[in-house]
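# Analysis of the macromolecular model
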Amino acid sequence: MNVQMNTQAPSNTNATDQTSKTAVDYQSFLKLLVAEMKNQDPTNPMDSTQYVAQLAAFSQVEQSVQINTKLDQLLQSSTLAQADALIGRTVTSADGKITGRVAEVRLLSDGIVAVLEGGKEITMGPGVKIAPSAS
């Protein structure tokens with residue numbers, strides 16, 4: 001399970017190190033499970049099916065996190081492909097006031113911004129028209 005933190009990681013750590021420190025893995029779960037078994041009340045032991053249920057739930061959560069990571073990567077790849085396809089095309093803003101040929105594209109966290117040859121920018125969104133460039 002990943003925990004979102006509000007603090008910045010030191011600049012010399014990479015994303016893999018940060019993810020591995022905040023992610024719970026099977027070894028951590030097994031250590032926790034063994035500690036729970038050692039410290040349980042011997043006169044009232046925990047049912048073994050509960051351990052299996054905990055392991056299954058943990059496995060499901062870990063797989064969900066992995067699926068979300070893959071979906072994020074797929075979404076980023078799709079966004080890059082869309083941005084690449086805009087270069088050289090003619091775009092018109094939703095209100096029709098700005099038109100021009102796309103010289104470059106900037107990817108922002110909230111979407112794509114097309115930078116026109118004249119330097120003007122259009123945020124790609126609903127109502128923006130895209131047409132093949134007239135050579």
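Residues numbered from 1 in each chain as written. Predicted model: local features only at pLDDT ≥ 70, side-chain atom pairs only at ≥ 80, totals over all residues. Heavy atoms only, no water.

### Structural notes on the confidence of the model for the protein chain
- Chain-level pLDDT for the protein chain is 77 on average; 80% of the residues reach the 70-or-more range.
- Counting interchain partners and residues more than four positions distant, the pLDDT-below-50 stretch residues 1-15 has 10 contacts. (pLDDT = per-residue confidence, 0-100. Contact = heavy atoms within 4.5 Å.)

### Remarks on the pattern of salt bridges
- Enumeration over the complete set of coordinates arrives at two salt bridges.
- Between arginine 101 and glutamate 117 there is a salt bridge, and its shortest N-O distance comes to 3.9 Å. With arginine 101 in strand β2 (residues 99-108) and glutamate 117 in the loop between β3 (111-116) and β4 (121-123), this residue pair connects regions lying 16 residues apart in the sequence.
- By relative accessible area, arginine 101 is classed as partly exposed at 39%.
- Taking relative accessible area as the criterion, glutamate 117 reaches 54% and is therefore assigned exposed.
- For arginine 106, the salt bridge identified is with glutamate 121, shortest N-O distance 2.2 Å. Within this pair, whereas arginine 106 is found in strand β2, its partner glutamate 121 is found in strand β4, the two being separated by 15 residues in sequence.
- Given a relative accessible area of 42%, glutamate 121 falls into the partly exposed group. (Salt bridge = Lys/Arg side-chain N within 4 Å of Asp/Glu carboxyl O. Helix = DSSP H or I, 4+ residues; strand = E, 2+ residues; numbered from the N terminus. Buried < 20%, exposed > 50% of the residue type's maximum accessible area, 1.4 Å probe, protein only.)

### Examining the sheet that holds β2
- Spatial ordering of the open sheet is given by β4-β3-β2-β1-β5, a layout of five strands whose pairing is antiparallel. A single partner strand is all that each edge strand has here, and the edge strands are β4 and β5 (129-131). Between one strand axis and the next, the sheet turns by 40° as a mean value, whatever way the strands run.
- The pairing of β3 with β4 spans three bridges and is classified as antiparallel. Across the sheet, residue valine 115 finds its bridge partner in β4, namely glutamate 121.
- Its contacts with the sheet put helix α3 (residues 48-86) on β1 (90-92), β2, β3 and β5, and the angle it makes with β2 is roughly 160°. (Pairing = 2+ DSSP bridges. Axes fitted to C-alpha atoms, helices over the stretch in contact; angles between N-to-C directions.)

### Section: α3
- In this model α3 runs 58 Å from its N-terminal to its C-terminal C-alpha over 39 residues, within 8% of the 57 Å that 1.5 Å per residue would give.
- Looking one or two places after α3, you find glycine 88, whose phi comes out positive at around 90°. (Expected span 1.5 Å × (residues − 1).)

### Notes on the pairing of β3
- Most of β3 is tucked away, with five of its six residues classed as buried.
- Pairing analysis gives six bridges linking β2 to β3, with the strands arranged antiparallel. Across the sheet, the residue bridging to leucine 108 is glycine 111, located in β3.
- Hairpin connection between β2 and β3: a loop of two residues separates the two successive antiparallel strands.
- Remark: four residues form the turn of the hairpin made by β3 and β4, two consecutive strands paired antiparallel; glycine 119 in that turn has positive phi of roughly 100°.

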